[in-house]
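Structural description and commentary
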Amino acid sequence: MTPPILYHCPDARSLRCLWAVEEVGADVDLRVLPFPPRAFAPEYRAVNPLMTVPGWVEGGRLMTESAAICERIVEGSALEVRRDEPDYWDYRNWLHRSDATLTFPLAIMIRYTRVEPAERRLAQAVDDYKAFFGGRAKSIEAALADGREWLVAGRFTAADIVIGYAAFLATTLGAADVLGEATTDWLHRCTARPAFLRARERQRSDAPQL
């Protein structure tokens, strides 16, 4: 069977999907694009009119939401929290929180530090949205305050992938200082996982190009 295609930019939110792929050992056709695709890969519009990553193409269907793609990737594995498990709804809440609450302010920081031309970069917006993220990241610290190793279900799950990516992205944007001590320790556990390290190495390798 033809493997799914993952369109990805290095360290963009599509890293969630590549990390999940490496965790479960799935076969995927990785297509690495320059960031942002809307500026540097115009041909990608034929695949994804939104011009965003990730783009996941499987069986003729396009998926574009990183948390939903992670759900698809981990389905049936130990990284999925099943409906009959007590933490199921906590798990689902973390999946939705990953983008709607946590990655959104970081995307604004990226815009005004990396995407906009120098004359349009706004230091005040970066500072404001860093503080915004810091307030939202307190939810991670609160969840880990009881000493648990992972967010839900007593094991590493897709919730740790999607939330871990948001925390990792914050560190690349100079916002590591807003993460609490328990969050920082948990993030170190996440980013030390062999699958995360493989994903970051793979995105730098000679992956197929669009």
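Structure first, text after, so check above.
Okay, so let's go over this structure. (Residues numbered from 1 in each chain as written. Predicted model: local features only at pLDDT ≥ 70, side-chain atom pairs only at ≥ 80, totals over all residues. Heavy atoms only, no water.)

A separate point is the sheet that holds strand β1 (residues 5–8). Pairing is mixed in the open sheet, where four strands are placed in the order β2-β1-β3-β4. Sheet topology places β2 (29–32) and β4 (61–63) at the edges, where each strand pairs with a single neighbour. Going across the sheet, the axis of each strand differs from the next one's by a mean of 20°, ignoring polarity. Summarising the sheet, strand β3 (residues 55–58) and β4 pair through three bridges and their orientation is antiparallel. Bridge pairing in β4 places E58 opposite R61. Contacts from helix α3 (residues 66–74) reach β3 and β4, with the element oriented near 40° to β3. (Pairing = 2+ DSSP bridges. Helix = DSSP H or I, 4+ residues; strand = E, 2+ residues; numbered from the N terminus. Axes fitted to C-alpha atoms, helices over the stretch in contact; angles between N-to-C directions. Contact = heavy atoms within 4.5 Å.)

Counted according to the given criterion, the structure contains ten aromatic pairs. Arranged with centres 4.9 Å apart and planes meeting at 75°, the rings of Y88 and W89 form a pair that is edge-to-face. The exposure class of Y88 is buried, given its relative accessible area of 8%. Relative to F168, the ring of Y165 has its centre 6.4 Å away and its plane inclined at 50°; by these criteria the two rings are tilted. Linking Y165 with F168, this pair stays in helix α6 (residues 158–172), spanning three residues, or about one helical turn. Just as Y165 is buried, F168 falls in that class too. These aromatic residues form a ring-pair network of at least three members: W19, W150, F156, Y165, F168 and F196. Over the aromatic face of W150 sits the side chain of R193, whose NZ or CZ is 5.7 Å from the ring centroid. (Phe/Tyr/Trp six-rings, centres within 6.5 Å; stacked < 30°, edge-to-face > 60°. Buried < 20%, exposed > 50% of the residue type's maximum accessible area, 1.4 Å probe, protein only. Lys NZ or Arg CZ within 6 Å of the ring centre and 35° of its normal.)

For the rest of this paragraph, the subject is the layout of surface pockets. Its boundaries defined by the atoms lining it, the largest pocket holds a volume of some 730 Å³. Every element with two or more residues in the lining of the largest pocket is listed here: α2 (37–40), α4 (88–115) and α6. The greatest single-element share of the lining of the largest pocket, amounting to nine residues, is contributed by α4. Among the residues forming the lining of the largest pocket, the class breakdown is 16 nonpolar, four polar and seven charged. (1 Å grid on protein atoms, 1.4 Å probe; cavity = no way out; pocket = protein on both sides within 12 Å on 5 of 7 lines; lining within 4 Å. Points joined across faces, edges and corners; volume = space filled by probe spheres on them. Nonpolar A, V, L, I, M, F, W, Y, C, P; charged D, E, K, R; others polar.)

To continue, consider the packing of α3 against α4. Axes are the key here: two packed helices are described by the angle between their axes and the distance separating the axes. Axis separation between α3 and α4 bottoms out at 8 Å; the angle between their running directions is 140°. The orientation of α3 relative to α4 falls into the category oblique. Contacts between α3 and α4 pair S66, A67, E71 and V74 from the former with Y91, R92, L95, S98 and D99 from the latter. Here the contact of α3 with α4 is composed, by residue class, of four nonpolar, two polar and three charged. (Parallel < 35°, antiparallel > 145°, perpendicular 65-115°, else oblique.)

Time to look at the pattern of salt bridges. Applying the stated criterion across every chain yields a total of 18 salt bridges. The shortest N-O distance in the salt bridge between E22 and R202 comes to 2.9 Å. Of this pair, E22 sits in helix α1 (residues 15–24) while R202 is found in helix α8 (residues 194–204), placing the two residues 180 residues apart along the sequence. The class of E22 is buried, set by a relative accessible area of 13%. What makes R202 partly exposed here is its relative accessible area of 24%. (Salt bridge = Lys/Arg side-chain N within 4 Å of Asp/Glu carboxyl O.)

For the rest of this paragraph, the subject is the side chain of H8. Tracing the backbone shows H8 in strand β1. For H8, a relative accessible area of 0% translates into the label buried. Of the polar contacts made by the side chain of H8, one reaches the side chain of S14; its length is 2.6 Å. Other than its neighbours up to four places away in sequence, H8 contacts S14, L15, L18, L30, R31, V32, L33, V53 and Q203. (Polar contact = N/O pair within 3.5 Å; in protein donor to acceptor, adjacent residues only side chain to side chain.)

On any regular strand, side chains alternate: one points to one face of the sheet, the next to the other face. Alignment of β1 against β3, held across three bridges, turns out to be antiparallel. The partner of I5 across the bridge, within β3, is V57. The hairpin formed by β3 and β4 contains two residues between the paired strands, and G59 there has a positive phi angle of roughly 60°.

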